[in-house]
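These are the residues of each chain, in order.
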Amino acid sequence: MPDIIFRDGTVHQNQWVVVPRPDAGESLDIPENRRALIPADLWLAGREHFVGKAHIGVWFDSHDEPEILAGHVNELPVIAVNFPKFSDGRGYSIARLLRERFGYDNELRAIGDVLLDQLQFMKRCGFDTYELRPDKDIRKAAGALNFFSQGYQAATDTDLPLFRRRAS
Amino acid sequence: MYVYDEHDRQMVAERVAQFRDQTQRALAGELAEDEFLPLRLQNGLYVQRLAPMLRICVPYGMLRSVQLRRLARITRDYDKGYAHFTTRQNVQLNWPALEDVPDILAELAEVEMHANQTSGNCIRNTTTDQFAGVQSDEITDPRPYCEIIRQWSTFHPEFAFLPRKFKVAVNASEQTDRAAIRLHDIGLQIVRNDAGDLGFRVHVGGGLGRTPMVAPVIREFLPELDLLTYLEAILRVYNRYGRRDNKFKARIKILVKALTPQGFAEKVEAEWAHIRDSPTRLTPEAIQRIQAYFTEPAYGELDNASDLLAQQRFENRAFDQWLQHNVDTHKKPGYAIVSLTMKKTGTPPGDVTDKQLEQIADLADEFSFGEVRVTHQQNVVLADVRQDRLLELWQLLGPMGFGTANLNTLTDIICCPGGDFCALANAKSIPVAEAIQRRFDNLDFLYDLGEINLNISGCMNACGHHHVGSIGVLGVDKKGQEFYQISLGGSSQHDASIGKILGPSFARDEMPDVIAKIIDVYVNKRTAEETFLDTYRRVGIDPFKERVYA
Ligand code: HEM
Ligand code: SF4
């Protein structure tokens, strides 16, 4: 499995497999002895069964509504958000909502078409681990995460937009 | 005018370094073409029919003389010695080489310029009235709010990959709207409520392109301090729910229409309720801090030079005409607002040479505190000229090619680059503009016609704003031949409207005659006070149809 990048730029072994949404009529195929990310709505549907299991997390697709997990987010060890195409920017809003609206504190992971030049935006929106697309040079990730030394806006990483920092 | 502090400087420098790195990776094959595409677009670089084009950002149209001189040097060193003022108050280079772009950006950064977010599916340059800060009827200077929006939208981490491009415009005058706010994704009209508090009337979902729409109001009054949180709510709703399956249906106007303005407003208000007190909420100090950059220049204590001007006008008819058409009233006694027209017949509208850029810089230094503004009609404004020096200025303008006294007349044409430069074009637009300018070369006749906006686009994308021209011209493709469709009755003002199509299209060489017939109908039908638009709105399209297709 490809490695995973942490928000500090370090590279770690990936522990989680993404379980795809089963076809209609099929059931979820959760692998044995592996930590697994399952579609968020299916987790919710089977919450009684899944809740408290440290080896089960969820993933959202870019068109999914994170609102469905409101009140439950911190029952999950990992939430992943899929970028079906890097130019699909919905995942950034999903991440901010999970962090800022629903108060999610655990690991938030970017999966899918994750490239280098978007990493810092992802970090600012609250993602803290990144599954870089395997053909990209993982050694360049640390630099890409910190290309800009500051930003104008408040986001998940800071409560101080530049106009508030300038005032102080 | 806004001046960078160390934060702005650092971010622009980092941006240049980032783009240099991205360009190198693209040239080395580490970035696929489709991966590099949005990155270069967000740095203003797009590839066109003949060469890459670089669109340089001019925030809300303001330029200092050092910046003009730098632009001149860049067009000389990296391009073919000319540049183009665009309909979004930016400047465009037509022939830079891809490898040179990082160096061009570095040169721009030295004079506090950049090409950030001038293209691509992100929040673009915020535009405003070119007379901001110097006209007497504005509620307050809109430029500080534009700058606040510029900073908030620059490298916004959540909104760099929107469904489609996104443009915001701000207007502060109750009588006029030179910023065409109702044709923008978000149009902000500065207002005061009954209590006297400052705020914004928020329009969302305007735009041109293939589905032109006038933006409805989604909030009558937004308090000043809530500006950014409300924008963030609008953008978040759009980012999440705007269509991404079809490029032609991806603008926010389609979402607003699908949800209805009311339904859209409800979604925005619901989102806003969560974030209105977030740290993004502006503070009075933050606004004052930006406003402090837009203080008045060192005006002299002058009286209006009415007698002097009256005498000069009496002695010189051409000066009189220029004064009447290209010079506007300034809020300060003794000063005037001067529009330099970039519409000399035979030059593509908006095009300027390196030498002309330097001449404009010199004029700015000599006559207008070193600053100019670019207009969406592709002209340039000297906003603070002493009335007693107008004659002297005017005498310089003629030889430079900026003195054509046709502002807001039929030949002050807005025109996109069209088929001469643009790969998307159905037809050329520049030669049509020129043919019409040649046909209507009698200034007295033009003045008699009064205000008429003739706008030309080479295709449905509407870069030349044809939908909102009193007369709009659209290039269409008919079995591989270039044809032109005409629409009438458009306006981008407070009474914004989309023009109505007249009928079947025409070949290029028919165009001057067709325009002449349309003008003829107006001249025959008008009452003494009516503008072209008034007459059109009163008599409707039929008399024009009958005449043109007779
Ligand atoms: C030469 C290459 C150019 C290309 C390929 C191009 C492409 C486009 C496209 C595709 C659109 C429509 C986007 C949409 O509505 O979804 C558009 C709109 C527009 N373009 Fe251009 N453009 C070019 C040059 C220019 C220039 C030079 C100007 C300024 C003079 C300009 C100003 C505009 C404006 C104001 C719109 C806005 C219309 C709206 O609000 O929808 N474009 N352009
Ligand atoms: S209107 Fe069409 S032809 Fe003209 S510049 Fe825009 S895309 Fe090109």
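Since the structure is predicted, the reported quantities are computational estimates derived from the model, not experimental observations. (Residues numbered from 1 in each chain as written. Chains lettered and ligands numbered in written order. Predicted model: local features only at pLDDT ≥ 70, side-chain atom pairs only at ≥ 80, totals over all residues. Heavy atoms only, no water.)

## Notes on the domain arrangement of chain B
Residues and elements named next belong to chain B.
- Taken domain by domain, chain B comprises domain 1 (6–110), domain 2 (135–293), domain 3 (306–400) and domain 4 (414–548).
- Counting from both sides, the interface comprises 17 residues of domain 2 and, opposite them, 13 residues of domain 4.
- Counting every contact that joins domain 2 to domain 4 gives zero salt bridges.
- For the pair domain 2 and domain 4, the interface holds six residue pairs in polar contact (both at pLDDT 80 or more).
- The residue inventory of the side of domain 2 that touches domain 4, partitioned by class, reads six nonpolar, six polar and five charged. (Domains from an automatic or database assignment. Contact = heavy atoms within 4.5 Å. Salt bridge = Lys/Arg side-chain N within 4 Å of Asp/Glu carboxyl O. Polar contact = N/O pair within 3.5 Å; in protein donor to acceptor, adjacent residues only side chain to side chain. Nonpolar A, V, L, I, M, F, W, Y, C, P; charged D, E, K, R; others polar.)

## With respect to the packing of aromatic side chains
- Inspection of every chain in the model, using the stated rule, returns 25 aromatic pairs over all chains.
- Pairing B:Y299 with B:F369 gives two aromatic rings, centres 5.8 Å apart and planes at 90°, and the pair type is edge-to-face. Within this pair, whereas B:Y299 is found in the loop between α8 (284–291) and α9 (306–315), its partner B:F369 is found in the loop between α11 (354–367) and β14 (371–374), the two being separated by 70 residues in sequence.
- Ring pairing ties together the aromatic residues A:F83, A:F86, A:Y92, A:F121, A:F127 and B:F161, which thus form one cluster.
- Above the face of the B:F248 ring, B:R210 is positioned so that its terminal group lies 3.8 Å from the ring centre.
- The ring of B:Y241 is capped by B:K267, whose NZ or CZ atom sits 4.5 Å from the centre of that ring. (Phe/Tyr/Trp six-rings, centres within 6.5 Å; stacked < 30°, edge-to-face > 60°. Helix = DSSP H or I, 4+ residues; strand = E, 2+ residues; numbered from the N terminus. Lys NZ or Arg CZ within 6 Å of the ring centre and 35° of its normal.)

## What about the site of ligand 1?
Residues and elements named next belong to chain B.
- Inspection of the region around ligand 1 gives 23 residues, with T87, K165, K167, R251 and C463 positioned closest.
- Taking L208, its main chain carries an N or O atom lying 3.1 Å from an oxygen atom of ligand 1.
- Between R251 and ligand 1, the recorded distance is 2.8 Å, taken from a side-chain N or O atom to an oxygen atom.
- Here the shell around ligand 1 is built from residues that sort into eight nonpolar, nine polar and six charged. (Near = heavy atom within 4 Å.)

## Looking at the sheet that holds strand β1 (residues 45–47) of chain B
Residues and elements named next belong to chain B.
- The five strands are arranged β1-β2-β5-β4-β13 in an open sheet whose pairing can be described as antiparallel. The sheet is open, and its two edges are formed by β1 and β13 (351–353), each paired on a single side. Geometrically, the sheet is characterised by an average inter-axis angle of 30° between neighbouring strands, direction not taken into account.
- Where strand β2 (residues 52–56) and strand β5 (residues 91–93) come together, three bridges link them in antiparallel fashion. Bridge pairing links I56 to V91 in β5.
- Contacting β2, β4 (82–85) and β5, helix α3 (residues 65–78) runs over the sheet at an angle of about 15° to β5. (Pairing = 2+ DSSP bridges. Axes fitted to C-alpha atoms, helices over the stretch in contact; angles between N-to-C directions.)

## Description of the pairing of strand β12 (residues 335–340) of chain B
Residues and elements named next belong to chain B.
- For β12, the tally of buried residues reaches six of six residues, placing the bulk of the element in the interior.
- Along β12, one buried face is formed by Y335, I337 and S339 and the opposite face, lined by A336, V338 and L340, is buried too.
- For strand β11 (residues 327–329) and β12, the ladder comprises three bridges, and the chain directions are antiparallel. If you follow T329 over to β12, its bridge partner there is A336.
- Counting the residues between successive antiparallel strands, the hairpin from β11 to β12 contains five residues, one of them, G334, with a positive phi of roughly 90°.
- Across five bridges, the pairing between β12 and strand β15 (residues 380–386) is antiparallel. Note on β15: the bridge partner recorded for S339 is V381. (Buried < 20%, exposed > 50% of the residue type's maximum accessible area, 1.4 Å probe, protein only.)

## What about the pattern of salt bridges?
- Under the definition given, this model contains 62 salt bridges over all chains.
- Notably, a salt bridge pairs A:R96 with B:E232, separated by 3.2 Å at the nearest N-O pair. One end of the pair, A:R96, is in helix α3 (residues 90–101); the other, B:E232, is in helix α6 (residues 227–241), on a second chain. Side by side, A:R96 and B:E232 carry an identical accessibility label, which is buried.

## A short note on the nonpolar core
Residue and element names in this part refer to chain B.
- Core analysis: the biggest nonpolar cluster contains 57 residues, and W322, L340, I360 and L390 have the highest contact counts within it.
- The residues that make up this core include at least three from each of domain 1 (6–110) and domain 3 (306–400).
- Judged by nonpolar contacts, the second largest core, of 52 residues, contains Y2, L188, L198 and Y230. (Core = buried A, V, L, I, M, F, W, Y, C linked by side-chain atoms within 4.5 Å.)

## A look at the packing of helix α5 (residues 143–153) of chain B against α8(B)
All names here are of chain B.
- Close contact between α5 and α8 brings their axes to 9 Å; oriented N to C, the two are set at 110°. Our classification of the angle between α5 and α8 gives roughly perpendicular. The interaxial crossing formed by α5 with α8 has right-handed handedness. Within the contact between the two elements, α5 uses P144, Y145, E147, I148 and Q151 and α8 uses I287, I290 and Q291. (Parallel < 35°, antiparallel > 145°, perpendicular 65-115°, else oblique. Left-handed = near helix turned anticlockwise from the far one by under 90°.)

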